[in-house]
Amino acid sequence: MRRLGVALASVLVTATVPAAWSIASAGEADPVTAKQCRHQWADLSQLHGENGNPGGPVPALTKRWRVTDRRADRMVQEATADDCGATIDDFADAWDALETFQYDLYAFDPAHDLQWAEADRRHYEELHSPGEPDNELSPKLKRAFRVIRHHTPPAIRDLRPALAGAEDVAVQDRAQVKAFLQHAHEVKRSSSHIQRMRHPYHVIGNAELDEE
């Protein structure tokens, strides 16, 4: 269920950002003042700040997001009338493309998958008193967790070639992004460790451990 939330966040980011600038830049024929421009930068910064840094398995992209966020914050204070229009539109498009790519790379992050699964397990156990029958995971679930814990470290190693060069991808070039992701999925399909975790993750997902 939480993975669905992450995917939904990616869709919302992609769908919302450009729309914000079509609204903010309406009436572009009339020059904006520096104050109005700073308000537009504040809206952009707030919009991305609500979702936060997507992170992901490529530290260089996580760092690029932070740098982008800091630049937007500076523009909230320093933007002139010349920093809106095409300038803010281009910046917003680039930021959106970066975030979308970071979300795409979740598919190649076994460490993240394991962290979410363990968080859901802890959530389930916290809802039940220790020693109660409901507090105990079923043997099937216990085995599923043993399998994913065992295979996650080698799966991470298997996917390193899939992520190689991710920081050099021109994230606004859709063809380049598509080609990179296609190659990454090929690498992922070739990992026996990833394949061995598919069914255990299906078992864990069906248990809905994150539900109240």
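Residues numbered from 1 in each chain as written. Predicted model: local features only at pLDDT ≥ 70, side-chain atom pairs only at ≥ 80, totals over all residues. Heavy atoms only, no water.

Caption draft 1: Spotlight on helix H3 (residues 59-78). The terminal C-alpha atoms of H3, which comprises 20 residues, lie 28 Å apart, in line with the 28 Å expected from a rise of 1.5 Å per residue. Within H3, burial applies to Leu61, Thr62, Trp65, Thr68, Asp69, Ala72 and Met75. Summarising the axial view, the buried residues of H3 lie within an arc of 140 degrees, below the 170-degree limit, and thus occupy one face. Pointing more than 90 degrees away from the buried face of H3 are the exposed residues Pro59, Lys63, Gln77 and Glu78. Elements that come into contact with the buried residues of H3 comprise helix H2 (34-51) and helix H4 (86-104). (Helix = DSSP H or I, 4+ residues; strand = E, 2+ residues; numbered from the N terminus. Expected span 1.5 Å × (residues − 1). Buried < 20%, exposed > 50% of the residue type's maximum accessible area, 1.4 Å probe, protein only. Arc of directions from axis to C-beta. Contact = heavy atoms within 4.5 Å.)

Caption draft 2: Expanded view of the packing of helix H5 (residues 110-126) against helix H6 (residues 139-163). Closest axis-to-axis distance for the H5/H6 pair is 8 Å, and the angle between their directions is 160 degrees. For the element pair H5 / H6, the angle class is roughly antiparallel. Here H5 and H6 pass one another in a crossing that is left-handed. On H6, the residues that touch Pro110, Ala111, Leu114, Ala117, Glu118 and Arg121 of H5 are Phe145, Ile148, Arg149, Thr152, Ala155, Ile156 and Leu159. (Axes fitted to C-alpha atoms, helices over the stretch in contact; angles between N-to-C directions. Parallel < 35°, antiparallel > 145°, perpendicular 65-115°, else oblique. Left-handed = near helix turned anticlockwise from the far one by under 90°.)

Caption draft 3: A look at the packing of H6 against helix H7 (residues 174-189). At a closest axis distance of 8 Å, the pairing of H6 and H7 adopts a crossing angle of 160 degrees. Put simply, H6 runs roughly antiparallel to H7. The element H6 and its partner H7 pack so that their crossing is right-handed. Along the contact surface, H6 presents Asp158, Leu159, Pro161, Ala162 and Leu163, while H7 presents Phe180, His183, Ala184, Val187 and Lys188. Here the residues of the contact of H6 with H7 are counted per class, giving seven nonpolar, one polar and two charged. (Nonpolar A, V, L, I, M, F, W, Y, C, P; charged D, E, K, R; others polar.)

Caption draft 4: Highlighting the layout of surface pockets. Approximately 230 Å³ is the volume attributed to the second largest pocket. Taken together, 11 residues form the lining of the second largest pocket, with Ala97, Thr100, Val171, Gln172 and Arg174 sitting closest to its centre. Per element, the largest residue contribution to the lining of the second largest pocket is six residues, and it comes from H4. Of the residues belonging to the lining of the second largest pocket, the class tally is four nonpolar, three polar and four charged. (1 Å grid on protein atoms, 1.4 Å probe; cavity = no way out; pocket = protein on both sides within 12 Å on 5 of 7 lines; lining within 4 Å. Points joined across faces, edges and corners; volume = space filled by probe spheres on them.)

Caption draft 5: Structural view of the state of the cysteines. For the structure shown, the criterion picks out one disulfide. There is a disulfide in this structure between Cys37 and Cys84, and the S-S distance comes to 2.1 Å. Its S-S torsion of about 110 degrees marks the bond between Cys37 and Cys84 as right-handed, since a negative value means left-handed. Placement of Cys37 in helix H2 and of Cys84 in the loop between H3 and H4 is noted, with a sequence separation of 47 residues between them. Like Cys37, the residue Cys84 is buried in the burial classification. (Disulfide = S-S within 2.5 Å.)

Caption draft 6: Just the nonpolar core, in detail. Ranked by internal contacts, the top residues of the largest apolar core, which has 45 residues, are Trp41, Phe101 and Leu105. Of all the secondary structure elements, the ones that give two or more residues to this core are H2, H3, H4, H5, H6, H7 and helix H8 (192-207). Top element by residues in this core is H6. It accounts for eight residues. Here Phe101 is in contact with Leu61, Ala166, Val169, Val171, Val177, Phe180 and Leu181, once residues within four sequence places are set aside. (Core = buried A, V, L, I, M, F, W, Y, C linked by side-chain atoms within 4.5 Å.)

Caption draft 7: The arrangement of the environment of Phe101 in detail. By secondary structure assignment, the location of Phe101 is in helix H4. Looking at Phe101, the relative accessible area reads 1%, which means it is buried. With 80 residues separating them along the chain, Phe101 and Leu181 place their C-alpha atoms 9.4 Å apart.

Caption draft 8: Fine view of the packing of aromatic side chains. If you walk through the whole model with that rule in mind, you get five aromatic pairs. Considering the side-chain rings of Tyr103 and Tyr106, the 5.6 Å spacing of their centres and the 85 degrees angle between planes classify their relative orientation as edge-to-face. Its relative accessible area of 9% is what places Tyr106 among the buried residues. Following the ring pairs from residue to residue traces out a cluster consisting of Trp41, Trp65, Phe91 and Trp95. (Phe/Tyr/Trp six-rings, centres within 6.5 Å; stacked < 30°, edge-to-face > 60°.)

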